[in-house]
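Here are the chains, one letter per residue:
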Amino acid sequence: DAMVIQNPRYQVTQFGKPVTLSCSQTLNHNVMYWYQQKSSQAPKLLFHYYDKDFNNEADTPDNFQSRRPNTSFCFLDIRSPGLGDAAMYLCATSRGWSAGGDTQYFGPGTRLTVL
Amino acid sequence: GIQVEQSPPDLILQEGANSTLRCNFSDSVNNLQWFHQNPWGQLINLFYIPSGTKQNGRLSATTVATERYSLLYISSSQTTDSGVYFCAVEHSGGSNYKLTFGKGTLLTVNP
């Protein structure tokens, strides 16, 4: 009973070639997140959506964009991948309870390789 | 922003041993979660625990919010417990829904 699904699990792209990573959820959660995790580091939040409201982290490069066409799906677009963008990309969801109790649930991740 | 420090950074155990992982945070929090990242990279929820104590099988966690720390206890460790354990917090005075992660504790359980 997968709850947060990410496709593909492994993605190889070429330097400068646009790539899109996909996330879907069956939890009907309001909030969806994208994190970048490089080797031996903690996950770093790139941006999140509360419903259709997009919230970008201040230090997220312009090269990273996101789309959320409906509640269930969220996409991460990397417009011109560089070697430094090779990482694990994690999608997460949460209900969106602002008063606390808002547990985040993570998908299995997509490991991106840039050649 | 809020600071999250985890200790120890690395821990090696023999199967069957017990361990305690610590998470210190620098300000009040709405949310604190413990995660286990398995060797394939998936982050698995262990506990949502902004305060109090919870237990789930061989794992338990305690958060003392007034003293700004949380502890994760692993008893009778198994090789499948190996991986990275992350503590992540949502700052009370910060942006809603944003988790700040510690750097993690790498646990290796040897047979």
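Now for a description of the structure that goes with this document. Worth saying up front: this structure is predicted, and the values here are computed from it rather than measured.

**A short note on the overall build of chain B**
Helix and strand counts for chain B come out as zero helices and 11 strands. Listed by position from the N terminus, the elements making up chain B come as β-β-β-β-β-β-β-β-β-β-β. Against the globule reference of 13 Å for 111 residues, chain B gives a C-alpha radius of gyration of 13 Å, in line with a compact fold. Considering only C-alpha atoms, chain B reaches an extent of 45 × 25 × 20 Å along its principal axes.

**Some points on the state of the cysteines**
Applying the stated criterion across every chain yields a total of two disulfides over all chains. Residue pairing for Cys23(A): its cysteine sulfur links by disulfide to Cys91(A), the two sulfurs lying 1.9 Å apart. With the S-S dihedral at roughly -75 degrees, the linkage between Cys23(A) and Cys91(A) falls on the left-handed side. On the criterion of sequence distance, the pair formed by Cys23(A) in strand E3 (residues 19–25) and Cys91(A) in strand E9 (residues 87–94) is long-range, its members being 68 residues apart. Like Cys23(A), the residue Cys91(A) is buried in the burial classification. Bridging Cys23(B) to Cys87(B), the disulfide has an S-S length of 2.0 Å. The S-S bond linking Cys23(B) to Cys87(B) shows a torsion near -60 degrees; that makes this disulfide left-handed. Of this pair, Cys23(B) sits in strand E3 (residues 19–25) while Cys87(B) sits in strand E9 (residues 83–91), and the two are 64 residues apart along the sequence. With a relative accessible area of 0%, Cys23(B) lands in the buried category. For Cys87(B), a relative accessible area of 0% corresponds to the buried category. Not engaged in a disulfide, the cysteine Cys74(A) finds its nearest cysteine sulfur in Cys91(A); these two sulfurs lie 6.1 Å apart. Accessibility expressed as a relative area gives 0% for Cys74(A), which makes it buried.

Conventions adopted
Residues numbered from 1 in each chain as written. Chains lettered and ligands numbered in written order. Predicted model: local features only at pLDDT ≥ 70, side-chain atom pairs only at ≥ 80, totals over all residues. Heavy atoms only, no water. Helix = DSSP H or I, 4+ residues; strand = E, 2+ residues; numbered from the N terminus. Rg over C-alpha atoms; globule rule 2.2 N^0.38 Å. Disulfide = S-S within 2.5 Å. Buried < 20%, exposed > 50% of the residue type's maximum accessible area, 1.4 Å probe, protein only.

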